[in-house]
Amino acid sequence: MKEFFGVIKYEFLMSIKRKSMLIIALLFVIFFIANSLNVDQAIILEDANKETYLYTAGQSVFFLNLFFPVFVGISAADRAIRDKKNGVKEIINATKITNQTHLFGKYIGVVLSYILIESVIVLISSLQFIIFQSFPLIYMVYAFAALLMMGFPALFFVIGFSLVCPFFMPIRIYQILFTGYWYWGNYINPEAIPSISHTILNASGRFTLYKYFERSAPAMMNNNDPNAILNIVVLIALGFLVVFAMSQFQNKQNQKA
């Protein structure tokens, strides 16, 4: 267990200290503060109630999910393959750290680093609403509830595949394919182009948004849409499952070596 937490700490610090990550995070903060300044003040003043604040919180995180997971998927793609390039894998094999400990520790560490960044973005955006647009303090609770239910599951899902897939294809190819997949698999209307956006694999937070944060169910929502809670569970489970499968694959590779 000591080794596991050691890997988490190391990967978290390695990820959070990347200059490119901090620069992009700062750009996200600026972008979302600017976006929040465009909120219709008349609507807020005329309809200042719980539903309004829930709606604003949900829409803010849903909008964040349009871009932030793409940045995460692209930037996290080199985290696991880096060890192979730097010869770290051979060093790890000589220690007591198992493939499961190393890969899951890396996974959790990277996930936590992006959770921290995304939480700071939402925190600053929420404070802007509270300080400059007279939202009540409870708005911050709504915003972090939306982040917990819509933002974090997407991170677990995206980072799991971003750590594993580059083992089987060039990183640049994965980054291009992932970017295309994100918008195809989450935002394309399947009636126009065949897509999985209406399935339980949708990671945009759309089903949670409709269920818990919208004032009323949108016309595009139908009875065949997946259960929001099940959608969250499946996304997180798939992130862990793909990492577990990769650790088992590495064990078999080590046995053959």
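Residues numbered from 1 in each chain as written. Predicted model: local features only at pLDDT ≥ 70, side-chain atom pairs only at ≥ 80, totals over all residues. Heavy atoms only, no water.

Trainee: Please explain the overall build of the chain as it appears in this structure.
Mentor: When its secondary structure is counted, the chain shows twelve helices and zero strands. Tracing the chain from N to C terminus, the helices and strands come up as α-α-α-α-α-α-α-α-α-α-α-α. (Helix = DSSP H or I, 4+ residues; strand = E, 2+ residues; numbered from the N terminus.)

Trainee: Explain the packing of aromatic side chains to me, please; I cannot follow it from the model alone.
Mentor: Between two aromatic rings, the relevant description is the distance of the centres plus the angle of the planes. The full count for this structure, using the stated rule, is 19 aromatic pairs. Centre to centre, the rings of Phe-71 and Tyr-114 are 6.1 Å apart; their planes meet at 75 degrees, and the pair counts as edge-to-face. Highlighted residues: Phe-71 in helix 5 (residues 68-75) and Tyr-114 in helix 8 (residues 99-132), separated in sequence by 43 residues. Assessed through its relative accessible area of 0%, Tyr-114 is described here as buried. (Phe/Tyr/Trp six-rings, centres within 6.5 Å; stacked < 30°, edge-to-face > 60°. Buried < 20%, exposed > 50% of the residue type's maximum accessible area, 1.4 Å probe, protein only.)

Trainee: What should I look at first to understand the nonpolar core in this one?
Mentor: Side chains of nonpolar character tend, in soluble globular proteins, to be buried together. Residues Phe-68, Val-72, Tyr-107, Tyr-114, Ile-121, Leu-155 and Ile-159 are the most contacted members of the largest nonpolar core, which totals 63 residues. Ranked by residues supplied to this core, first place goes to helix 9 (residues 138-164) with 15 residues. Once you skip the residues sitting within four places of it in the chain, Tyr-107 turns out to touch Phe-156, Ile-159, Gly-160, Leu-163, Gly-239, Phe-240 and Val-243. (Core = buried A, V, L, I, M, F, W, Y, C linked by side-chain atoms within 4.5 Å. Contact = heavy atoms within 4.5 Å.)

Trainee: Is there a simple way to think about helix 12 (residues 228-256) in this case?
Mentor: Turn by turn, an α-helix covers 3.6 residues, leaving residues three or four places apart pointing in a common direction. For helix 12, with 29 residues, the first-to-last C-alpha span of 43 Å sits near the 42 Å given by 1.5 Å per residue. Among the residues making up helix 12, those that are buried are Ala-228, Asn-231, Ile-232, Leu-235, Gly-239, Val-242, Val-243, Met-246, Ser-247, Gln-250 and Asn-251. In this structure Asn-227 caps helix 12, since a side-chain oxygen of it lies 2.9 Å from the backbone nitrogen of Ile-229. (Expected span 1.5 Å × (residues − 1). Polar contact = N/O pair within 3.5 Å; in protein donor to acceptor, adjacent residues only side chain to side chain.)

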